[in-house]
There are 2 protein chains.
Amino acid sequence: MRIIETIHEARQALVEREGSIGLVPTMGYLHAGHVSLIEQARKDCDRVVVSVFVNPLQFGPSEDLDRYPRDLERDAHLAEEAGADILFTPSVTEMYPRSTQVSLAVKGLSERLCGASRPGHFDGVATVVAKLFQIIQPSHAYFGQKDAQQLAIIQCMVEDLNFPIEIVPCPTLREPDGLAMSSRNVYLSVEERNQATILNNALSKVTTEVEKGNITQANEVVDLVKGMIQTAPLGEIEYVEALTYPYLQPITHLKDQRVIIALAVHFGQTRLIDNVIWTGKEDASCLER
Amino acid sequence: MRIIETIHEARQALVEREGSIGLVPTMGYLHAGHVSLIEQARKDCDRVVVSVFVNPLQFGPSEDLDRYPRDLERDAHLAEEAGADILFTPSVTEMYPRSTQVSLAVKGLSERLCGASRPGHFDGVATVVAKLFQIIQPSHAYFGQKDAQQLAIIQCMVEDLNFPIEIVPCPTLREPDGLAMSSRNVYLSVEERNQATILNNALSKVTTEVEKGNITQANEVVDLVKGMIQTAPLGEIEYVEALTYPYLQPITHLKDQRVIIALAVHFGQTRLIDNVIWTGKEDASCLER
């Protein structure tokens with residue numbers, strides 16, 4: 001595996017446009033979730049590029065940019081093990097040599113869920129992903145379903161701007177006790193970590209209730225999930241919402257549509273997100289768990 | 001020359017990525033200025049694509065979208081004569097099948113000159129050009145220097161978003177009496193058309209005065225140009241500005257920098273723009289006339 005730090009060198013390494021190129025964009029501090037994306041790319045594509053870049057554009061002024069966990073040596077090891085051919089790790093000045101004049105703007109989809117409390121976040125995500133798409137020119141790009149709103153926005157971006165790239169969604173990976181894997185989990189104290197299992201427990205419980213037909217309304221879903229999370233004293237709910245997916249429109253009934261139940265909950269300084277997406281058909285079978 | 005109306009068909013026609021591809025994006029109603037861009041692309045590139053698309057996203061609600069002149073048959077003839085291989089003429093629903101969620105946003109550069117009176121105009125230009133870049137994936141793209149602010153923004157977009165595309169600026173073409181060629185010139189009445197020659201006359205005069213060293217300050221340039229335009233009773237000045245180029249920053253002295261003198265003047269319902277760009281060195285020799 002080659003480690004490449006400059007845009008010029010990345011382009012040189014990929015100048016032969018034969019075959020498929022899979023890109024896995026990450027902010028590093030890789031976990032098994034990222035590894036599963038890289039492994040999927042390895043199965044699908046002739047060449048696999050993993051990018052590691054903590055993108056300042058998607059962090060708000062009071063967010064955790066400076067303390068975001070980093071471990072490039074470990075990332076390189078994990079990426080290589082999972083089958084990456086190139087690890088692209090540009091510096092901030094390599095990606096943003098001057099104040100950006102032209103960037104991407106996301107409306108509609110960016111206004112709800114995480115976008116409501118993180119203004120500009122998804123503009124920053126879309127901008128850096130568009131840049132990576134131009135630098136690497138992948139045929140396929142891999143994104144985890146844990147960041148479901150990000151995934152929806154990237155899918156819209158590819159449609160709206162005609163990027164000739166197939167977006168491959170990959171299921172959320174979980175710890176043995178069900179907590180969704182996240183680089184931010186390392187922030188959690190032992191007690192916060194224990195209580196954070198309530199998030200997946202609540203999503204699992206509500207899924208069962210919907211599958212049994214005991215719950216049919218969006219507000220019942222939200223109430224059940226909120227009620228369970230409130231039993232964890234260290235958890236502070238930012239949002240729990242039931243919306244259509246991927247367009248994130250409000251709903252009343254769950255029936256006959258693809259529905260996301262998404263949540264963001266703070267445990268101390270750490271903000272965790274999780275979600276489940278249902279097909280929303282009469283049988284309410286799970287699409288992704 | 002093939003005429004192609006769908007994105008899918010355009011991609012199919014260009015699926016072989018061998019050699020260079022030159023793109024000339026236009027809104028149609030081609031004139032000799034466009035033809036010169038196509039001819040330049042023909043000289044530089046293995047394949048030449050001309051797009052004709054009147055982009056609703058870059059027109060304001062009170063602007064001339066509906067009455068913008070169109071003549072596809074004539075455009076096809078001129079494009080083929082000039083050496084185009086493909087004329088790409090998508091419909092509005094082909095380019096915008098649904099309400100756009102993700103688009104491009106231009107700051108800084110878009111706030112002055114034409115951007116001040118046309119809010120959102122350059123966002124619309126950048127968005128459609130980015131889409132065309134993704135659909136055609138040209139190695140080179142050709143833009144006229146008459147739309148100098150647009151050219152500066154496209155050059156910034158390519159840098160900021162890492163498009164692997166060389167932007168080729170082409171000089172403004174003029175009618176025998178000096179009026180800059182524009183599809184909108186057909187709107188002018190005979191009297192307006194006669195008086196509109198003052199725009200180039202003023203830019204030529206001020207260039208001579210600067211070259212002679214009689215003028216060294218930005219405000220003197222602006223005053224001289226405004227004074228001359230005011231002698232044309234049908235002309236109504238929107239702006240005359242002297243700024244750095246391409247970053248469009250205010251200046252006081254002309255010395256030692258690249259300077260644009262740009263103007264927008266209304267003749268009746270018709271809004272005309274023109275400009276001259278100087279190297280701004282001591283000798284103030286013209287960069288583009």
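In this text, all values refer to a predicted model and were calculated from it rather than measured experimentally.

Residues and elements named next belong to chain A. Splitting chain A by domain gives domain 1 (2-170) and domain 2 (183-281). Each partner contributes to the interface: domain 1 provides 24 residues, whereas domain 2 provides 21 residues. Summed over both partners, the interface of domain 1 with domain 2 buries about 2,000 Å², with 54% contributed by carbon and sulfur atoms. Sorting the residues of domain 1 by area buried against domain 2 places Arg67, Arg112 and Leu113 first, and these three jointly supply 31% of that buried surface. At the junction of domain 1 and domain 2, the tally comes to two salt bridges. A salt bridge links glutamate 241 to arginine 112, with the nearest nitrogen and oxygen atoms 3.9 Å apart. The tally of links between domain 1 and domain 2 comes to eleven residue pairs in polar contact (both at pLDDT 80 or more). Of all the elements in the fold, those that place two or more residues in the side of domain 1 that touches domain 2 are helix H5 (114-117) and helix H7 (148-160).

Time to look at the sheet that holds strand S6 (residues 140-144) of chain A. All names here are of chain A. The sheet built from six strands is open, its strands ordered S1-S4-S3-S2-S6-S7 with parallel pairing. Taken across any chain shown, the strands that pair with only one partner, and hence form the sheet edges, are strand S1 (2-4) and strand S7 (166-170). Sheet twist, expressed as the mean angle between neighbouring strand axes with direction ignored, is 25°. Across the face of the sheet, helix H2 (residues 32-44) comes into contact with strand S2 (21-26), strand S3 (47-52), S6 and S7 while running at roughly 155° to S6. Where H7 meets the sheet, its contacts fall on S6 and S7, and the angle it forms with S7 comes to roughly 165°.

Residues and elements named next belong to chain A. Between helix H9 (residues 198-212) and helix H10 (residues 218-229), the shortest axis-to-axis distance is 9 Å and the interhelical angle comes to 145°. When the axes of H9 and H10 are compared, the crossing they make is right-handed. Each of Ile198, Leu199, Asn201, Ala202, Lys205, Val206, Glu209 and Val210 in H9 lies in contact with H10, whose residues at this interface are Val221, Leu224, Val225, Met228 and Ile229. Class assignment for the residues of the contact of H9 with H10 results in ten nonpolar, one polar and two charged.

Rules of the game
- Residues numbered from 1 in each chain as written.
- Chains lettered and ligands numbered in written order.
- Predicted model: local features only at pLDDT ≥ 70, side-chain atom pairs only at ≥ 80, totals over all residues.
- Heavy atoms only, no water.
- Domains from an automatic or database assignment.
- Contact = heavy atoms within 4.5 Å.
- Buried area = accessible area lost by both parts, 1.4 Å probe.
- Salt bridge = Lys/Arg side-chain N within 4 Å of Asp/Glu carboxyl O.
- Polar contact = N/O pair within 3.5 Å; in protein donor to acceptor, adjacent residues only side chain to side chain.
- Helix = DSSP H or I, 4+ residues; strand = E, 2+ residues; numbered from the N terminus.
- Pairing = 2+ DSSP bridges.
- Axes fitted to C-alpha atoms, helices over the stretch in contact; angles between N-to-C directions.
- Left-handed = near helix turned anticlockwise from the far one by under 90°.
- Nonpolar A, V, L, I, M, F, W, Y, C, P; charged D, E, K, R; others polar.

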